[in-house]
Amino acid sequence: MRTKRTMRGQVAVAGIGETTYYKHGQSPDAQFKLTLKAILAAAEDAGIDPCEIDGIASYADDKNPADRVAAALGMKSLRFANMVWGGGGGGGSGAIGNAAMAIHAGVADCVVVYRGLAQGQGGRFGSGAGYPGALAGSYAHTIPYGVMSPAQMFAMRTTRLMHDHGISRSTLRAISMASYHHAQNNPRAVMHGRPLDVDGYDNSRWITEPFRLFDCCLENDGAAALILVPADRAKDLKQKPAYLLGAAQGAEYRAGAGGHNNPDYATSSFKTVAPDLFAMAELGPEDVDVVQSYENFTGGVVMSLIEHGFCTYENANEVIAFDNLIAPKGKLPLNTSGGNLAECYMHGLELNIEAVRQIRGTSPNQVEGAEVAFVNSGPMVVPATNSLFGSEATL
Amino acid sequence: MNDSFVLPEGLPRPMPDELDGPYWDAAARDELVAQRCNACGTWQWTPEHLCHRCHSFDLEFAPVPGEARIYSWQRPHHPVHPVLAEACPYVVVLVEFPDADGIRMVGNLVAPPEGEIPIGATVDPVFEHHEAEPPYTLVHWRIRA
Ligand SMILES: [Zn+2]
């Protein structure tokens, strides 16, 4: 018989590390060097010798291979090397979940999760110019019609969401403005010093209707890393542990059907994944103090928040309002570092790092007394993944 | 370059493969087909080796029954490909076939690019033939008058 489907509280994030976050193409360092810097920063933060790391987890076809990282760091032994399927940013929380599973299963003792990217060195999500002249498979049924970029791949889900449920333009705008607002208190943020107001959003150019410029994530250079260890070890390290209360990944029935044929169309792919997360954590959305929700596009955030129970289709326009989304006083503080829209598009790994900071009490937009921090990674892709972190008090 | 094309030539073209070859061949004859399971009658799109409902490998292509309706849409303004620099904005529609298990197809709307796009409107296919080597056909949609 299956034992309980859980690793609740068994593993903790002991260290976090980030390079400077750069505008697209501005990094003076090579992508792989950025990655190594982030890993070393996370080890330093944890108070761990980088040679002790014995596991590697990443996602989205990260172009900084585990073998080279292990050799560069001089890792004494590599026990776990793992990648989440999927080319989009859906796997950020999943990579953390996989790292924790390896530790919980006794396969590895100290696993680093990383993401590193710099212009042109590992491919980008945003351009359509890189496709070959002829395409086979399901892409042949979309790309020749000018559906090429991620914004174009996901825009029609948002159109349908707005059509079916009356989600308003001001709701999308509130999500964007919250990220920009939080970035103004975060000196690491690429959009620090670049506030966004209602007019700035409303007057921004269309990328593809229904998305304006500020509905879309950035393109950036940088690297980020987290180091996970067993919970009992984390207690003896330098930082206040952020315990992993739950992690889940997946998608609904035929979510990956080609040519926009997923039967439930206007979804972030979290309808089955969200209940799994909360069941493992033995918590519900009402217990969450602060939310980090991956903004590839604002419409995906609306779907994610609804599918995780932070609001409903009926009240989404009222709940997802600017004042509610702002730390420290809002009822649903959202993307408190500036997120993918305004801190850095580190493909969502920066959202997990911000969740850890909230549990430590060190966020630039700290939610007072935050004990439970939620993250969901790339909505609308397969697998979609999420994670929930808690303080010692939640164990 | 043919001025009647919805988008200029030079975008990636479809390359028929072992699964969807019959669809592209039919489009070249101005016919719209999709994949149907011979064992249980389920429609599925895009094509796959296996029927997702009954797991039969016995699949065929057949004319899609019933009307097609606009299920969703978008209007790209930002040219993500150099060929599109002078072609934006344009309209992409997602069309569904309620009488064929709700399968959907993506194409461009043959219409002026501005204006409201009516979700639920009935559309008919427009076959756009390209004289390339080898030739290919794109399937667009026009709102039924
Ligand atoms: Zn069948």
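Computed from a predicted model, the values in this text were never measured in an experiment.

Asker: What is the right way to look at the overall build of chain B in this model?
Answerer: Along its length, chain B carries one helix and nine strands. In terms of overall dimensions, chain B has C-alpha extents of about 45 × 35 × 25 Å along its principal axes. Relative to its full complement of 145 residues, chain B shows a buried share of 48%. In chain B, once contacts between residues fewer than 6 apart in sequence are set aside, the share between residues at least 24 apart is 53%. Accessible surface, chain B: about 6,800 Å² in total, of which carbon and sulfur atoms supply 49%.

Asker: Help me understand the overall build of chain A in this model?
Answerer: Scanning chain A from N- to C-terminus turns up 13 helices and 13 strands. A compact globule built from 395 residues would reach a C-alpha radius of gyration of about 21 Å, and chain A, at 19 Å, matches this within 12%. Over its C-alpha atoms, taken along the principal directions, chain A stretches across nearly 50 × 50 × 50 Å. The proportion of buried residues among the 395 residues of chain A is 63%.

Asker: What is the right way to read helix 2 (residues 66-73) of chain A from this model?
Answerer: Because the α-helix completes a turn every 3.6 residues, residues three or four places apart line up on one side. Residue and element names in this part refer to chain A. Listing the buried residues of helix 2 in full gives Ala 66, Val 69, Ala 70 and Leu 73. Buried residues along helix 2 cover an arc of 95 degrees about the axis, so they all sit on one side. The exposed set on the far side of helix 2, more than 90 degrees from its buried face, consists of Asp 67 and Ala 71. Those residues of helix 2 hidden inside the fold are in contact with helix 1 (31-46), strand 3 (55-59), strand 4 (80-84) and strand 5 (111-117). Positive phi appears at Gly 74, one or two residues downstream of helix 2, with a value of about 70 degrees.

Asker: Any chance you could explain the state of the cysteines here in plain terms?
Answerer: Each disulfide consists of a covalent bond between the sulfur atoms of two cysteine residues. Residue and element names in this part refer to chain A. A complete count under the given rule lists zero disulfides over all chains for this structure. In this structure Cys 217 is a free cysteine whose sulfur lies 6.9 Å from that of Cys 216, the closest cysteine sulfur available. The exposure class assigned to Cys 217 is buried, which follows from its relative accessible area of 19%. Left unpaired, Cys 344 is separated from the closest cysteine sulfur, that of Cys 217, by 10 Å.

Asker: Teacher, can you tell me more about the coordination of the zinc ion here?
Answerer: Between any two of four tetrahedral donors, the ideal angle at the metal is 109.5 degrees; between two of six octahedral donors, it is 90 or 180 degrees. Residue and element names in this part refer to chain B. The protein atoms that coordinate the zinc ion are Cys 37 (SG), Cys 40 (SG), Cys 51 (SG) and Cys 54 (SG), at distances spanning 2.3 Å. Considering all four donor atoms around the zinc ion, angles at the metal cover 104 to 114 degrees and the coordination shape is tetrahedral. Read from N- to C-terminus, the donor residues coordinating the zinc ion fall into the pattern C-x2-C-x10-C-x2-C. Here Cys 37 is found in strand 2 (residues 33-37), whereas its partner Cys 54 is found in the loop between strand 3 (43-44) and strand 4 (59-63), with 17 residues between them in sequence. Cys 37 sits in the buried class, given a relative accessible area of 2%. Classification of Cys 54 by relative accessible area gives partly exposed; the value is 35%.

Asker: What should I look at first to understand the packing of helix 4 (residues 150-165) of chain A against helix 9 (residues 298-307) of chain A in this one?
Answerer: When two helices pack together, their arrangement is given by the angle between the helix axes and the distance between those axes. Residue and element names in this part refer to chain A. With their axes 9 Å apart at the nearest point, helix 4 and helix 9 run at an angle of 55 degrees to one another. Classified by the interaxial angle, the pair formed by helix 4 and helix 9 is oblique. Helix 4 and helix 9 meet at a crossing whose hand is left-handed. Taken together, the residues of helix 9 that come into contact with helix 4 (itself represented by Arg 157, Thr 158 and Leu 161) are Gly 299, Gly 300, Val 302 and Met 303. Residue composition of the contact of helix 4 with helix 9, grouped by class: three nonpolar, three polar and one charged.

Asker: Teacher, can you tell me more about the interface of chain A and chain B here?
Answerer: How big an interface is tends to be stated in terms of the accessible area lost upon association of its parts. Contact with chain A, which involves 43 residues of that partner, is made by 39 residues of chain B. A combined buried area of about 3,400 Å² lies between chain A and chain B, and 55% of that area is made up of carbon and sulfur atoms. On the chain A side of the interface with chain B, the three residues burying the most area are His 141, Tyr 145 and Glu 209 of chain A, jointly 23% of the side's total. Counting across the interface, chain A meets chain B through one salt bridge. In this structure, Glu 209 of chain A and Arg 75 of chain B form a salt bridge, with 2.7 Å as the shortest nitrogen-oxygen distance. On the surface where chain A and chain B come into contact, there are 24 residue pairs in polar contact (both at pLDDT 80 or more). Among the elements of the structure, strand 6 (134-135), helix 4 and strand 7 (206-209) of chain A are those that each provide at least two residues to the side of chain A that touches chain B. Sort the elements by how many residues they give to the side of chain A that touches chain B and helix 4 of chain A lands first, with seven residues.

Asker: Honestly, helix 1 of chain A in this entry has me stumped. Any pointers?
Answerer: Taking 1.5 Å of rise per residue, the 16 residues of helix 1 of chain A would be expected to cover 22 Å, and the 23 Å separating its terminal C-alpha atoms lies within 8% of that figure. Backbone geometry just after helix 1 of chain A places Gly 47 of chain A at a positive phi near 80 degrees.

Asker: Explain the nonpolar core to me, please; I cannot follow it from the model alone.
Answerer: Taken as a class, soluble globular proteins show a tendency for nonpolar side chains to be buried jointly. Residue and element names in this part refer to chain A. Residues Leu 226, Leu 228, Leu 305, Leu 388 and Phe 389 are the most contacted members of the largest nonpolar core, which totals 101 residues. For this core, the element with the highest residue contribution is helix 5 (residues 169-183), accounting for seven residues. Those residues within four positions of Leu 388 in sequence are excluded, and the remaining contacts are Tyr 243, Leu 244, Leu 245, Gly 246, Leu 277, Phe 278, Ala 281, Leu 283, Val 288, Val 372, Ala 373 and Phe 374.

Asker: Explain the side chain of Arg 212 of chain A to me, please; I cannot follow it from the model alone.
Answerer: Residues and elements named next belong to chain A. Tracing the sequence through the fold places Arg 212 in strand 8 (residues 211-212). Although Arg 212 is buried, it makes no salt bridge; Asp 202 carries the closest opposite charge, 5.3 Å away. Excluding residues that lie within four positions of it along the chain, Arg 212 makes contacts with Arg 169, Tyr 201, Asp 202, Ser 204, Arg 205, Trp 206 and Ile 207.

Asker: Help me understand the packing of helix 5 of chain A against helix 9 of chain A, please; the structure alone is not making it clear to me.
Answerer: All names here are of chain A. In contact at an axis separation of 9 Å, helix 5 and helix 9 are set at 100 degrees when each is read in the N-to-C sense. Our classification of the angle between helix 5 and helix 9 gives roughly perpendicular. Contact with helix 5, carried on its side by Thr 171, Leu 172, Ile 175 and Ser 176, involves Thr 298, Gly 299, Val 301 and Val 302 of helix 9 and no other residues of that element. Residues that form the contact of helix 5 with helix 9 fall into these classes: four nonpolar, four polar and no charged.

What counts as what
Throughout, residues of each chain are indexed from 1 in the direction in which the sequence is written. Both sets of labels track the order of writing: A upward for chains, 1 upward for ligands. Local features in this predicted model are restricted to residues whose pLDDT is 70 or higher, and side-chain atom pairs enter the listing and the counts only when it is 80 or higher, whereas totals over whole chains, interfaces and linings include all residues. Heavy atoms throughout the structure, all of them, feed into the side-chain values; hydrogens and water do not. Segments assigned H or I by DSSP are reported as helices when at least four residues long, segments assigned E as strands when at least two residues long, and all are numbered from the N terminus. Each residue's exposure class comes from its accessible area (1.4 Å probe, protein chains only) as a fraction of the maximum for that residue type: buried when under 20%, exposed when over 50%, partly exposed otherwise. In what follows, a contact means two residues having at least one pair of non-hydrogen atoms within 4.5 Å. With residues, only the protein chains shown are counted as cover, and all accessible areas are computed by Shrake-Rupley using a 1.4 Å probe. It is over C-alpha atoms that the radius of gyration is taken, and the globule rule equals 2.2 Å times the number of residues to the power 0.38. Regarding the arc, it is the one traced by the directions from the helix axis to the C-beta atoms. What counts as a disulfide here is a pair of cysteine sulfur atoms lying within 2.5 Å. Note that water is not among the atoms considered, so a metal site may appear incomplete; the donors listed are N, O and S atoms within 2.8 Å of the metal, with 3.2 Å applied to Na, K and Ca. For four-coordinate sites, all angles between 85 and 135 degrees define a tetrahedron; for four- and six-coordinate sites, opposite donors beyond 155 degrees with the remaining angles between 65 and 115 define square planar and octahedral shapes respectively, and all other cases count as irregular. The axes are straight lines fitted to the C-alpha atoms, using for helices just the contacting stretch, and the angles between their N-to-C directions are given from 0 to 180°. Between 65 and 115 degrees an angle is taken as roughly perpendicular, under 35 as roughly parallel, over 145 as roughly antiparallel, and anywhere else as oblique. Crossing handedness is read from the near helix: turned anticlockwise from the far helix by less than a right angle, it gives a left-handed crossing, and turned clockwise, a right-handed one. Ten residue types, Ala, Val, Leu, Ile, Met, Phe, Trp, Tyr, Cys and Pro, are classed as nonpolar, four, Asp, Glu, Lys and Arg, as charged, and the remainder, Gly among them, as polar. Buried area counts how much accessible surface, traced with a 1.4 Å probe, disappears from two parts once they are put together, with both parts' losses summed. For salt bridges, the criterion is a side-chain nitrogen of Lys or Arg within 4 Å of an Asp or Glu carboxyl oxygen. N or O atoms within 3.5 Å of each other form a polar contact, as long as, within protein, one can give a hydrogen and the other can take it, and as long as residues adjacent in sequence are counted only when both atoms are side-chain atoms. By this rule the span expected of a helix is its residue count minus one, scaled by 1.5 Å. The criterion is simple. A nonpolar core is a set of buried Ala, Val, Leu, Ile, Met, Phe, Trp, Tyr and Cys residues joined through side-chain atoms within 4.5 Å. We score Asp and Glu as negative and Lys and Arg as positive, and we do not count His or the chain ends.

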